[in-house]
Amino acid sequence: MFGFGFAMVPIYDVFCKVTGLNGKTDPNPYRYNAETAEVDTSRKVKVQFVATNNAEMSWDFKPSVTEVVVHPGQVGELEFFARNPTGERMIGQAIPSVSPFQATNYLHKVECFCFTTQTLEAGEEKIMPLRIIVDQALPRHITKLTLSYTLFDVTTMGERTLPS
């Protein structure tokens, strides 16, 4: 029974990657070639941003704006703010999710604080850049996306870079 439960995690991850279910984003953000992307000025897509803390995370965490409107192929830029109000050094990791799940493979993060862990000393604040591109292949009926981040306390795991 333990072995079955242990094996289900990678199977679920593969299922989510293939289907886009659960809003998991593509773990290889460099696959999309932004330099060769043409901007589709005939369409506009609204991208909304949501920031949530896991129950154990005490940081202040929020986007600089709650939404941007971009043309597919155009770079959207904004920032997220993080502050560690505690008296101790902490390490945070943001995990992204996209909805609707059909749009998961069409929202590309070309620069994101979620690619690595973020370390904040006691009382420290940080502005973290985010650059996104909505793929021109996004189905035309999808005109609004939501990119949400859940911030986790990973201090006990140490500093690391996520695999790409």
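Predicted model only: the values in this text are computed from it and were never measured.

Engineer: Explain the sheet that holds strand β8 (residues 125-134) here, please?
Structural biologist: Remark on secondary structure: sheet strands pair via backbone hydrogen bonds, oriented parallel or antiparallel. The 4 strands lie next to each other as β2-β4-β8-β6, forming an open sheet whose pairing is antiparallel. Looking along the sheet, the strands with just one partner apiece sit at the ends: β2 (60-63) and β6 (107-112). Strand-to-strand twist in this sheet, taken as the mean axis angle between neighbours without regard to direction, amounts to 25°. Sheet topology places β6 next to β8; 5 bridges connect them, and they run antiparallel. The residue of β8 that forms the bridge with Lys109 is Ile132.

Engineer: It is not clear to me how unusual backbone geometry should be interpreted in this structure. Could you clarify?
Structural biologist: With glycine set apart, most residues show a phi of negative sign, and most peptide bonds adopt trans. The residue after Ser99, namely Pro100, is reached through a cis peptide bond having omega 0°. In this fold, Pro100 is placed in the loop between β5 (90-99) and β6.

Engineer: Even after reading the chapter, I still don't get the nonpolar core, so can you show me in this structure?
Structural biologist: Across soluble globular proteins, you tend to see nonpolar side chains buried next to one another. The biggest cluster of nonpolar side chains holds 31 residues, and the ones touching the most others in it are Val47, Phe49, Phe80, Phe113, Leu130, Leu145 and Tyr149. With residues up to four places along the chain from it excluded, the contact list for Phe80 reads Phe49, Ala51, Phe61, Lys62, Pro63, Ser64, Phe113, Lys126, Ile127, Met128, Leu130 and Tyr149.

Engineer: Explanation requested: the pairing of strand β4 (residues 75-83) in the structure shown.
Structural biologist: Moving residue by residue along a regular strand, the side chains alternate between the two faces of the sheet. Pairing between β2 and β4: 4 bridges, direction antiparallel. By the bridge assignment for β4, Asp60 is matched with Arg83. Sheet analysis places β4 next to β8, joined by 9 bridges and oriented antiparallel. For Ala82, the partnering residue across the bridge sits in β8 and is Lys126.

Engineer: Help me understand the state of the cysteines, please; the structure alone is not making it clear to me.
Structural biologist: In a disulfide, the sulfur atoms of two cysteines are held together by a covalent bond. A full pass over the atoms with the stated rule returns 1 disulfide. Paired through a disulfide, Cys112 and Cys114 show a sulfur-sulfur distance of 2.5 Å. Because the sign of the S-S torsion sets the handedness, a value of about 130° for the bond joining Cys112 and Cys114 places this disulfide among the right-handed ones. Since its relative accessible area comes to 7%, Cys112 is described here as buried. Cys114 gets classed as buried once you look at its relative accessible area, which sits at 4%.

Parameters and conventions
- Residues numbered from 1 in each chain as written.
- Predicted model: local features only at pLDDT ≥ 70, side-chain atom pairs only at ≥ 80, totals over all residues.
- Heavy atoms only, no water.
- Pairing = 2+ DSSP bridges.
- Helix = DSSP H or I, 4+ residues; strand = E, 2+ residues; numbered from the N terminus.
- Axes fitted to C-alpha atoms, helices over the stretch in contact; angles between N-to-C directions.
- Core = buried A, V, L, I, M, F, W, Y, C linked by side-chain atoms within 4.5 Å.
- Buried < 20%, exposed > 50% of the residue type's maximum accessible area, 1.4 Å probe, protein only.
- Contact = heavy atoms within 4.5 Å.
- Disulfide = S-S within 2.5 Å.

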